[in-house]
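The residues making up each chain are set out below.
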Amino acid sequence: MKRAIRYLRFSQLGQSNGSIERQELYTDQWLEFNEVKLIDTFIDRGKSARTFDRPDFIKLKDFIKKHYKTVDYLLVDQLDRFSRDAGEAMSMVKLFQKKYNIQVVSVTEGIIFDYDTPGSFFRAGLQLLLAEEDNINRSIKVKGGIYTAKAKEGRFVFKNAPFGYRKIGERKERKLIVEETEAKIVRYIYDAFLKNTPLYLIKEEARNLGFTTKGNMAIERVLKNPVYAGLLKVEAYKNYPGGLFDAIHEPIIDKTSWMMVQEKFKNPTKQRVVIDDELPLRGILKCHCGTPLSGAPSRGKSGKYFYYYKCRHSRHNNISAIKAHNQFLQICELMSLSSVQLNKIKSETNKSLEIELLNNRKKVVEKQNQLQEVQEKLFSVEEKWIKNEVSKDTYQRWFSSYNNEITTLKGSIERYSTDQQVAFKILEKNLNQLTDMKFVYSQANTLQKREFVNILFDSNLYYENGIYRTPTMIDLFSTNHLKMREKNLLIYTKKEILNDRIPFSGE
């Protein structure tokens, strides 16, 4: 009595087990009618037939390698259950027959595949080609549907919502809504990255805040995902161009911030500095030769560690961190503002606010006009393409250019429309702290200290012969620079090109 094994499969879990039950019924009937004994059954549930990389099909091949001498037939309901790739399927069927002497049987189609029989070979090949064509047609329909949903309707079509969002609704009514608790973490990630916070620190803090996405590149994926800016990345489909398209969901990050992050990824900072609370100026403070100072602890005779800032060139700077920090705190004391200066800042701030708001309103109108012009150009190109007046390549090139310009303009409009009064209210609330800059610096964390120094001295703070030096400094805090020089704390030598600049107090 001949023996057989059978392989059953359906591609979508949503098809339920009804498909498997039907395949079992038909193969059982064939076994009974042909008086063939069933040895084993292999079932793949919810697996595509595009490749043979399926769990139970792999088990089937292993079974055949070990027990092929006891098997005469491999039963399938139809050949498309076996595979939808005609070339791969024909090769696999030929292998089973030539190497293991096992014939593949398509029960429903009534085909016992025999590579040495022309009629059988032709019928099986035809069925596999039809299955592959059906697969191609399905793929085209799916890709077309995805393109329409994303590019035309602005819908997020993927199964899982990205961190910071959750999905509501079903089918075409399904959309993303902001999960505010997670969105705060996403905003922190973007804000910290734009402030040059090292990625390893962003990852640590994000985990502490509740970032649950796994993977070494999880933070980078968040930073590169256009979904957070209310955009969808769409692949080109047939004659339709790909690119970034506006989505219907609410953004967590403004478009300008997202684009700034992408630019930073294109031009990454080569120097990597490990943040250490004992050495907040490492990589920020420079030697007189221009080399950023590194830092490390040195063990004393008592076993206690002392920290030093060092230049990589021998006989250059090797500064005690304690001395450098104490000097800088004294500099901060002399940078503190008087009540007269504070009142002047408040007055200038109010004037600046009015001017800023007025300018922003003008810029919004200007950008809206530019946006309308670009949208009209895009519409014109689309119209010419529809009328076959321009080639596909020309259309796609101009579409990409105009689409990027539209995204940039929308980001600018969004930025200039933001209520600037919030920032000024925060500033006014905290202005009194500027009367004690030593306190401000001391209370800051290491990252804030680094940002403070970079902004204050425009990344131009040097150390030479036991004294800080700089050619650039915010004028508002340089009032006592002569006292700083007198006390051997800081020498401020303004660049010649800055000598004629009118001092500002609004900052």
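From a predicted model like this one, the values you see are computed outputs, not experimental measurements.

Rules behind the numbers
- Residues numbered from 1 in each chain as written.
- Predicted model: local features only at pLDDT ≥ 70, side-chain atom pairs only at ≥ 80, totals over all residues.
- Heavy atoms only, no water.
- Helix = DSSP H or I, 4+ residues; strand = E, 2+ residues; numbered from the N terminus.
- Buried < 20%, exposed > 50% of the residue type's maximum accessible area, 1.4 Å probe, protein only.
- Contact = heavy atoms within 4.5 Å.
- Areas by Shrake-Rupley, 256 points an atom, 1.4 Å probe, with all protein chains shown as cover.
- Axes fitted to C-alpha atoms, helices over the stretch in contact; angles between N-to-C directions.
- Parallel < 35°, antiparallel > 145°, perpendicular 65-115°, else oblique.
- Left-handed = near helix turned anticlockwise from the far one by under 90°.
- Nonpolar A, V, L, I, M, F, W, Y, C, P; charged D, E, K, R; others polar.
- Lys, Arg positive; Asp, Glu negative; His and termini not counted.
- Salt bridge = Lys/Arg side-chain N within 4 Å of Asp/Glu carboxyl O.
- Polar contact = N/O pair within 3.5 Å; in protein donor to acceptor, adjacent residues only side chain to side chain.
- Phe/Tyr/Trp six-rings, centres within 6.5 Å; stacked < 30°, edge-to-face > 60°.
- Lys NZ or Arg CZ within 6 Å of the ring centre and 35° of its normal.
- Pairing = 2+ DSSP bridges.
- Expected span 1.5 Å × (residues − 1).
- Arc of directions from axis to C-beta.
- pLDDT = per-residue confidence, 0-100.
- Core = buried A, V, L, I, M, F, W, Y, C linked by side-chain atoms within 4.5 Å.

**Side note on the overall build of the protein**
Secondary structure assignment for the protein yields 16 helices and 16 strands. The burial tally for the protein puts 40% of its 507 residues in the buried class. In the protein, the share of contacts with a sequence separation of at least 24, taken over all contacts with a separation of at least 6, comes to 61%. Total accessible area computed for the protein in this model is approximately 29,700 Å², and 50% of it derives from carbon and sulfur atoms.

**A word on the packing of helix 10 (residues 321-335) against helix 15 (residues 446-457)**
Where helix 10 contacts helix 15, the axes come no closer than 14 Å and their chain directions differ by 60°. In terms of axis orientation, helix 10 runs oblique to helix 15. Seen from above, helix 10 lies across helix 15 with left-handed handedness. Mapping the contact onto sequence places Phe-328, Cys-332 and Met-335 in helix 10 and Phe-452, Val-453, Leu-456 and Phe-457 in helix 15. In terms of residue class, the contact of helix 10 with helix 15 is built from seven nonpolar, no polar and no charged.

**Concerning the side chain of Lys-286**
Secondary-structure assignment places Lys-286 in strand 10 (residues 286-287). We note that Lys-286 is buried and unpaired, the nearest opposite charge coming from Asp-458 at a distance of 9.1 Å. Of the polar contacts made by the side chain of Lys-286, one reaches the backbone oxygen of Ser-459; its length is 3.0 Å. Setting aside anything within four residues of it in sequence, one finds Lys-286 in contact with Thr-291, Pro-292, Leu-293, Ser-459, Asn-460, Leu-461, Tyr-462 and Tyr-463.

**Quick word on the packing of aromatic side chains**
By the definition in use, this model includes 14 aromatic pairs. Measuring from ring centre to ring centre gives 6.3 Å for Phe-328 and Phe-457, while their planes differ by 65°; the resulting arrangement is edge-to-face. Separated by 129 residues along the polypeptide, Phe-328 in helix 10 and Phe-457 in helix 15 bring together distant segments of the chain. Residues Phe-328 and Tyr-468 carry aromatic rings whose centres are separated by 5.9 Å and whose planes lie at 65° to one another, so their mutual orientation is edge-to-face. With Phe-328 in helix 10 and Tyr-468 in strand 15 (residues 467-470), this residue pair connects regions lying 140 residues apart in the sequence. Neither residue differs from the other here; Phe-328 and Tyr-468 are each classed as buried. Among the aromatic residues, those joined into a cluster by ring pairs are Phe-328, Tyr-441, Phe-452, Phe-457, Tyr-463 and Tyr-468. The ring of Phe-265 has Lys-224 sitting right over it, with the charged end atom 4.8 Å from the ring centre.

**Some remarks on the sheet that holds strand 10**
Strands sit in the order 10-14-15-16 across an open sheet of four strands; the sheet is mixed. Since the sheet does not close on itself, it has two edges, and those belong to strand 10 and strand 16 (490-492), each with one partner. For strand 15 and strand 16, the ladder comprises three bridges, and the chain directions are parallel. Counterpart to Tyr-468 in the pairing with strand 16 is Leu-490.

**Digging into helix 15**
Between its first and last C-alpha atoms helix 15 spans 17 Å; for twelve residues at 1.5 Å apiece the expected length is 16 Å, and the two agree. When we look at burial in helix 15, the residues that qualify are Thr-446, Lys-449, Arg-450, Phe-452, Val-453, Leu-456 and Phe-457. The buried side chains of helix 15 occupy one side of the element, clustering within an arc of 160° when seen end-on. Buried positions along helix 15 lie against helix 10, helix 14 (437-443), strand 15 and strand 16. Regarding helix 15, its N-cap is Asn-445, as a side-chain oxygen of that residue lies 3.1 Å from the backbone nitrogen of Leu-447 further along. Backbone geometry just after helix 15 places Asp-458 at a positive phi near 50°.

**Let's talk about the confidence of the model for the protein**
The predicted model of the protein has a mean per-residue pLDDT of 80, with 79% of residues at 70 or higher. No element of the protein has a lower mean pLDDT than helix 5 (residues 118-152), at 59, and none a higher one than strand 15, at 94. Every residue in residues 497-507 scores below 50 in pLDDT, and together they form 15 contacts with partners more than four places removed in sequence or on other chains.

**Some thoughts on the pattern of salt bridges**
With the rule as written, the count across this model stands at nine salt bridges. When the shortest N-O distance is used, the salt bridge between Asp-191 and Lys-195 registers 3.3 Å.

**Brief notes about the side chain of Ser-336**
Positionally, Ser-336 belongs in the loop between helix 10 and helix 11 (339-386). Polar contacts involving the side chain of Ser-336 include one to the main-chain carbonyl oxygen of Glu-333, which spans 3.2 Å. In this view, Ser-336 contacts Gln-341, Leu-434, Thr-435, Asp-436, Met-437 and Lys-438; residues no more than four positions away in its chain are not counted.

**Examining the nonpolar core**
Ranked by size, the top nonpolar core spans 44 residues in total, and within it Val-186, Ile-189, Tyr-190, Phe-211, Tyr-228 and Ile-252 carry the most contacts. When neighbours within four sequence positions are excluded, Tyr-228 is seen to be in contact with Pro-162, Phe-163, Tyr-165, Val-186, Tyr-190, Val-222, Pro-251, Ile-252 and Ile-253. With 38 residues, the next largest nonpolar core counts Leu-337, Leu-342, Ile-345 and Leu-434 among its residues.

**Description of helix 12 (residues 392-416)**
Think of an α-helix as turning once every 3.6 residues; residues three or four places apart then point the same way. Taking 1.5 Å of rise per residue, the 25 residues of helix 12 would be expected to cover 36 Å, and the 36 Å separating its terminal C-alpha atoms lies within 8% of that figure. Along helix 12, the residues classified as buried are Tyr-395, Phe-399, Tyr-402, Asn-403, Ile-406, Thr-407, Leu-409, Gly-411, Ser-412, Ile-413 and Tyr-416.

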